[in-house]
Amino acid sequence: MSLQIVSTSDAPQAIGPYSQACIVGDMVYTSGQIALAPNGEMNNGDIHAQTKQVLQNLAAILRASGATPSSVVKTTIFLTNMEHFGAVNAIYAEFFGAHKPARSTVAVKELPKNALVEIECVAFRHS
């Protein structure tokens, strides 16, 4: 099995030595996404605006990988403030609809570019 690197201009380019996502077999592993717009500009909005941008980035990376939000099996959410949990949860629920992947949510001291939220996921590619 070989490793395939995913790169799309519909999501922000990596800001370090990593890929937007990697594919191994039918599995897609995304890097954590923060609220960078595809042009690299940070969305410094509130937690609602940042969460929506993060999920748009993940959707674009999943599309480029041959996956969709409905093929996500696991997510990890990193929050700089657990008081944002409810707001993130509501936007996340809207994004995934009836699909409910496994999930972990953890509080962290800080994130790159002073982001409020970062989300990564594991998905499978549709045949």
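It should be noted that the structure appears before, not after, this text.
What counts as what
- Here the residue numbering is sequential within each chain, running from 1 through the sequence in written order.
- The predicted nature of this model means local features are confined to residues of pLDDT at least 70 and side-chain atom pairs, given and counted, to a pLDDT of 80 or more, with totals for whole chains, interfaces and linings taken over all residues.
- Excluding hydrogens and water, the side-chain figures rest on all heavy atoms present in the structure.
- What makes a nonpolar core is a set of buried Ala, Val, Leu, Ile, Met, Phe, Trp, Tyr and Cys residues whose side-chain atoms join them at distances within 4.5 Å.
- The buried label goes to any residue with under 20% of its type's maximum accessible area, the exposed label to any with over 50%, and the partly exposed label to all in between, with areas taken from a 1.4 Å probe on protein chains only.
- Labels follow the DSSP assignment, with helices taken as runs of H or I lasting at least four residues and strands as runs of E lasting at least two, numbered in each case from the N terminus.
- Throughout, a contact is declared for two residues whenever any of their heavy atoms are within 4.5 Å.
- Contacts described as polar in this section are N or O atom pairs within 3.5 Å, which, within protein, must combine one atom able to donate a hydrogen with one able to accept it, while residues neighboring in sequence count only if both atoms come from side chains.
- Stacked, edge-to-face and tilted labels apply to pairs of Phe, Tyr and Trp rings (six-membered ring for Trp) whose centres lie within 6.5 Å, assigned for plane angles under 30 degrees, over 60, and everything in between, in that order.
- Only when the NZ of Lys or the CZ of Arg is both within 6 Å of the ring centre and within 35 degrees of the ring normal is a charge said to sit over the ring.

> Would you explain the nonpolar core in this entry?
Side chains of a nonpolar character, in soluble globular proteins, are inclined to be buried together. With 32 residues, the main nonpolar core has I77, V117 and I119 as its most contacted residues. For this core, the secondary structure elements donating two or more residues are β2 (21-24), α1 (47-65), β4 (72-79), α2 (85-96) and β6 (117-124). A per-element tally of this core places α1 first, with seven residues. Once residues lying within four places of it in the same chain are set aside, the contact partners of I119 are S31, G32, Q33, V54, L55, L58, T75, T76 and I77.

> Looking at this model, I keep getting lost on the side chain of N57. Mind explaining?
Mapping N57 onto the fold places it in helix α1. A distance of 2.9 Å separates a polar side-chain atom of N57 from the backbone oxygen of L36.

> I'm lost on the packing of aromatic side chains in this one. Help?
How two aromatic rings sit relative to each other is given by the distance of their centres and the angle of their planes. Tallied over the entire structure, the rule returns two aromatic pairs. Their ring planes at 55 degrees and their centres at 4.7 Å tell us that Y92 and F96 sit as a pair that is tilted. Here the residue Y92 and the residue F96 both occupy positions in helix α2, the gap between them amounting to four residues, near one helical turn. In this pair, the class of Y92 matches that of F96, namely buried. Residues F95 and F96 carry aromatic rings whose centres are separated by 4.9 Å and whose planes lie at 90 degrees to one another, so their mutual orientation is edge-to-face. Since its relative accessible area comes to 26%, F95 is described here as partly exposed. An aromatic cluster is defined as three or more aromatic residues linked by ring pairs; in this entry it consists of Y92, F95 and F96. Above the ring of Y92, the side-chain terminus of R103 is found at 4.6 Å from the ring centroid.

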